[in-house]
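Structure assessment
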Amino acid sequence: MRYYVRRIAQSVFTLLSGLFLTYALYRLIPGSPLKAIMANLIAQQQRRGEVDTEQVARMAEQMTGINPDEPIIVGFFNYVSGIVLRGDFGTSILYQDPVFDILFRAMPWSIFLSVYGIMLGFTASILVGVLMAWHEGSKLDSGLTVLVLSVNAIPYYVGAIVMLSLLAFQWGLFPTGGRAPRAVAPGFNVQFMLGILHHGALPILSTFLLGFGAGSLGMRANTVRIVGSDYLRSARLRGVSSNRILTRYLTRNAILPLYTGLVVGIGALFASNVITEYIFQYQGAGWFLFESVVNQDYPLIMGSFLFFGTVTVLGILLADLTYGLIDPRAETGATRDTF
Amino acid sequence: MAIDQPGTTGTPDADEDEPEDIVMSVRDARVSFDMARGQAWVLNDVDLDVRRNEILAVVGESGSGKSMFASALLDAVEDPGVLAGDVTYYPDEAAGESQTIGSFDQGLDDSVDVLDLDSDELQAFRWEKVSMVFQGAMNSFNPTMKIKAHFHETIQAHNAVLEERMDHVRKLFDALYIDFDRVMTSYPHELSGGIKQRTLIALALVLEPEVLVMDEPTAALDLLMQRSIISMLRNLRDEFDLTIVFITHDLPLVGGLADRIAVMYAFEFVEVGATRDLMKNAAHPYTRSLLRSVPSINSDVDEMEPIEGARPDPVNIPTGCSFHPRCPVADDRCEIEDPDLAAVEDDLQAACFYTDQAREKIDYTLEDESTEDDR
Ligand code: SF4
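Calculation notes
Residues numbered from 1 in each chain as written. Chains lettered and ligands numbered in written order. Predicted model: local features only at pLDDT ≥ 70, side-chain atom pairs only at ≥ 80, totals over all residues. Heavy atoms only, no water. Helix = DSSP H or I, 4+ residues; strand = E, 2+ residues; numbered from the N terminus. Expected span 1.5 Å × (residues − 1). Buried < 20%, exposed > 50% of the residue type's maximum accessible area, 1.4 Å probe, protein only. Near = heavy atom within 4 Å. Nonpolar A, V, L, I, M, F, W, Y, C, P; charged D, E, K, R; others polar. Contact = heavy atoms within 4.5 Å. Buried area = accessible area lost by both parts, 1.4 Å probe. Salt bridge = Lys/Arg side-chain N within 4 Å of Asp/Glu carboxyl O. Polar contact = N/O pair within 3.5 Å; in protein donor to acceptor, adjacent residues only side chain to side chain.

What about helix 1 (residues 2-28) of chain A?
- Relative to the 39 Å expected for 27 residues at 1.5 Å per residue, helix 1 of chain A spans 38 Å between its end C-alpha atoms, a close match to the ideal helical length.
- Listed in full, the buried residues belonging to helix 1 of chain A are Y3, R7, Q10, S11, L15, L19, Y23, A24, Y26 and R27 of chain A.

Describing the site of the ligand
- Surrounding the ligand, one finds 13 residues, the nearest of these being C321, H324, C327, C334 and C352 of chain B.
- Grouping the constituent residues of the shell around the ligand by class yields 11 nonpolar, 2 polar and no charged.

Focus on the interface of chain A and chain B
- Contact residues are listed per partner, giving 19 residues for chain A and 24 residues for chain B.
- Around 2100 Å² of area is buried between chain A and chain B when both sides are counted, 56% of it from carbon and sulfur atoms.
- Together, R233, L237 and R238 of chain A form the three largest contributors to the area buried by chain A at its contact with chain B, with a combined 38%.
- Applying the counting criterion to the chain A and chain B interface returns 3 salt bridges.
- Inspection of the chain A/chain B interface yields 15 residue pairs in polar contact (both at pLDDT 80 or more).
- Mapped by element, the contributors of at least two residues to the side of chain A that touches chain B are helix 9 (230-238) and helix 10 (242-279) of chain A.
- The biggest single contributor to the side of chain A that touches chain B is helix 9 of chain A, with 7 residues.
- Looking at the side of chain A that touches chain B, its residues break down into 7 nonpolar, 3 polar and 9 charged.

Brief notes about the environment of A235 of chain A
Residues and elements named next belong to chain A.
- Mapped onto the elements, A235 comes out in helix 9.
- Separated by 228 residues in the primary sequence, A235 and R7 place their C-alpha atoms 38 Å from one another.
- Apart from residues no more than four positions distant in its own chain, A235 is found in contact with V240, I245 and Y249.

Quick look at the structure:
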């Protein structure tokens, strides 16, 4: 129990440190967005005559949620306490909407993309890995190895752009952007659902390819090791069916070493969403992060960072806390004491 | 395979020389591998009979082919090894039709040609008639499955009745002194080596096979654990009507256990005989050297000699008698001619031309313990 508490506390600490770093960097970088905004305001006032530095600071604070005269620590404390006490993540400069509302509306779309991409990708890599190992040394094995290596070698964003230009622009099979058809009324109707799938297909496919390459070679190696194990031979002689050997013996045990990597990878995949969503003009949380960076929408950047940071840290935490459930040999706490 | 009929016991012949009741016979069994250096023989035309309800120990150094012999009994030689020859199983006629556990149907024939079975039949034959305990007890269980699941899947794979079989397992656990409820709900890593080994034996006996093949079952255990398992095996044999083929490198270990001992050298049997005769006065130079190299409390350090020379290479088995490069009594004839197993005494056969010289030249002393009955 103490182990769980400590792991959760560690995660919160990690998240806060990351957030603080983002906040501090934003304030400290020369020519930072904050300074740029202030310089803008000063220039505006200069054109009108006198410069009221206090008014500039107040206006800058209004626009960014940061008081430039506050020390960084105090400002950070105010930011965090705003979130914790009032659920106030600040207001987007660009959209003039509360950051929380923007991200909250975008989040389900990102999760939709990622969850499907990840699930399909990992399932495929597990199946392909076991398949390769089962037919180790055959033509099928080497063919699939070549395929996986080439998928791995192509960066996912290049794949995404190629898919977009061919499948969407050239052949018009898929929409070139957006999350849902505009002509259809949103809701639980078939047309709208299909529209969502149609719009999500390419981004999901690109996420899928990212997850697919990563897992299958590792899965293959683990499976090959288990194929040669004593307990597999013993199970075969006992007459256990091939089906059960494949699922309960091979796949189950070969996943174990990959499991942590898979769950931690979820965080990385969410992060890859930033690029994927931008390429496909898919307005999820990643798309807003990109927009906010381009437009120096400081409160939105912080909010998005918080979102992606939380997802990553939660992924790692989840991997750690659930490993004991899938591998009975892992003793949570006593032996897995360290970071 | 006539079994003693009440009417025939009157003949003087049957009284003295009861016909052997054989449960498995192996003829001309050979296992070959294709290796880069050439073809390797890891079992070289061996013949051996396993008698019903005996404990037969097969003894040899590692790499002598003894594990191959064990696998051959279940037609379980692993690829790329190729097994040829005859392995025949003779069902117990006395047990008759009452034995209908599992799905193996031997039909009307009174013998089963094991190497002729198709894959379904073989799958049923293994574990229902002949089963095996592997060398690696530590790794013979799926690490992510509870012990109980191993028993259940085995019973189900052979279409046996679950409750009835589990009742039988309870009996096995009692005979092996292990706690049924605790072990069944444990994961393999939660059990000690000794318990794991005994559980593995119970798992091998779940379908009441006639023959249990044990491949170095005690190799990974400490001496005390070895002794305790050995002492259980005799009871197990008596209680469950078993025939046990016990593969080991440790000749003195089986001195108190086995009824008969078969010694392997260079992928062949070089001496086969009743334990008492073989241990007391072995006829083959190799067996005698093995016994000589046994450390004992009484023996001087000077007296203890490991056998000189290298182990035989499976690709290049020496011509003539394969032991001649290491044999202290070898002469020219041994380099050319290959001796066959021949009777030396009533129940002792050796493959050597010069057993008398061997007995003269190589002497050994045994501690009494090894021929003593185990409690
Ligand atoms: S036959 Fe010759 S070489 Fe072989 S064991 Fe006998 S004496 Fe030694």
